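# Inside the fold
Chain by chain, the residues run as shown.
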Amino acid sequence: MSESTPVIEVSGLIKNFGKFTALRGLDLTVAKGEVHGFLGPNGAGKSTTIRVLLGLLKADAGEVRLLGGDPWKDVVELHRRLAYVPGDVSLWPGMTGGEAIDLLGHLRGSLDEDRRRDLVDRFELDTTKRGRQYSKGNRQKVALVAALASDAELLILDEPTSGLDPLMEEVFQETIKEAKDRGVSVLLSSHIMSEVENLTDRLSIIREGRIVQTGTLDDLRTDTRSTITVTLASTPDASLLGPLEDVTINGHDLVATVDPDNVGEAMALLSEYGISNLTVQPPSLESLFLKLYDEATR
């Protein structure tokens, strides 16, 4: 597998369940060494796509390549090179967390013992407890430690931080950035928009079994407007504010939206009224996601 070969390459993927078509010609590419976000509401086809990638479901049509192989035919070989963390981890009830980490790690070849110890410490995981004693969040930690301590080339993460508290969410984000620095590729499916926004190089949005938009966050922001919040010394006439739209004025406080290309013009205009406090906020991933779905629904 060459450096330029994508770790995931899906073209025209179709998957039917009886008369229901879950995936309708889905295209998805994840480059080597990138963290790729995979977004969509429940029922859009994310989990079905991931199951096809893991070799748990066979595609009805289309091309699927994973780490240069066929996930249906080469499933055993490929699972030694990847690690998967689902949103609801099940553990062996009588096995300790440490034993589960070791078993999962050895299924993938080996574990980096120094990294394992570091991850156990950072995730504050008691590895002496048995599977039946763990909360949902701690079961997630066991699977995350096993995945991140391995030498897997690809991480497939489907709602991996479900059940983690905000402090552990921060640890998760740090460890994913470290994995990327080691050259690991990541497909991250998550409903936590800040997580995707902070971690991903590119992202793909799925709707009704198709990818409806893909690119960097800046790519997705190209056709959207930024929000300006400003406090002015004198109150302007809303009719004279040219490039600003959706203008709301409350005393000396003004809120409006503006095209990214017109931010400079807007600042020059507002400076005439004496700026004392200013915030220019590009659209969040959550607002972009909701806008896309709202437009598609209409």
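Structure first, text after, so check above.
Residues numbered from 1 in each chain as written. Predicted model: local features only at pLDDT ≥ 70, side-chain atom pairs only at ≥ 80, totals over all residues. Heavy atoms only, no water.

## Quick look at the sheet that holds strand β8 (residues 202–207)
What the six strands build is an open sheet, ordered β5-β6-β7-β3-β8-β9; its pairing is mixed. Only two strands of the sheet have a single partner each, and these edge strands are β5 (82–85) and β9 (210–215). The average angle at which neighbouring strand axes cross in this sheet is 15°, direction not considered. Alignment of strand β3 (residues 35–39) against strand β7 (residues 185–189), held across four bridges, turns out to be parallel. Within the sheet, the bridge partner assigned to V35 lies in β7 and is V186. Packed on one face of the sheet, helix α1 (residues 46–53) meets β3, β5, β6 (154–158), β7 and β8 and runs near 150° to β6. The strands touched by helix α6 (residues 166–181) are β3, β6 and β7; relative to β6, the strand with the most contacts, the crossing angle is about 155°. (Pairing = 2+ DSSP bridges. Helix = DSSP H or I, 4+ residues; strand = E, 2+ residues; numbered from the N terminus. Axes fitted to C-alpha atoms, helices over the stretch in contact; angles between N-to-C directions. Contact = heavy atoms within 4.5 Å.)

## A few points about helix α4 (residues 113–122)
R115, R116, L119, V120 and R122 are the residues of α4 that are buried. One side of α4 holds all its buried residues, which, seen down the axis, span an arc of 165°. Exposed and facing more than 90 degrees away from the buried side of α4 are D114 and D121. E124 occupies a position one or two residues after α4 and carries a positive phi of about 55°. (Buried < 20%, exposed > 50% of the residue type's maximum accessible area, 1.4 Å probe, protein only. Arc of directions from axis to C-beta.)

## Topic: empty space enclosed by the protein
The gaps of empty space that remain are located by a probe, the size of a water molecule, rolled over the atoms. Evaluated as defined, the whole model comprises one cavity of 30 Å³ or more. Taken together, A147, L148, S150, A152, L155, A179, R182 and V184 make up the full set of residues lining the largest cavity. Of the residues contributing to the lining of the largest cavity, the split by class is six nonpolar, one polar and one charged. (1 Å grid on protein atoms, 1.4 Å probe; cavity = no way out; pocket = protein on both sides within 12 Å on 5 of 7 lines; lining within 4 Å. Points joined across faces, edges and corners; volume = space filled by probe spheres on them. Nonpolar A, V, L, I, M, F, W, Y, C, P; charged D, E, K, R; others polar.)

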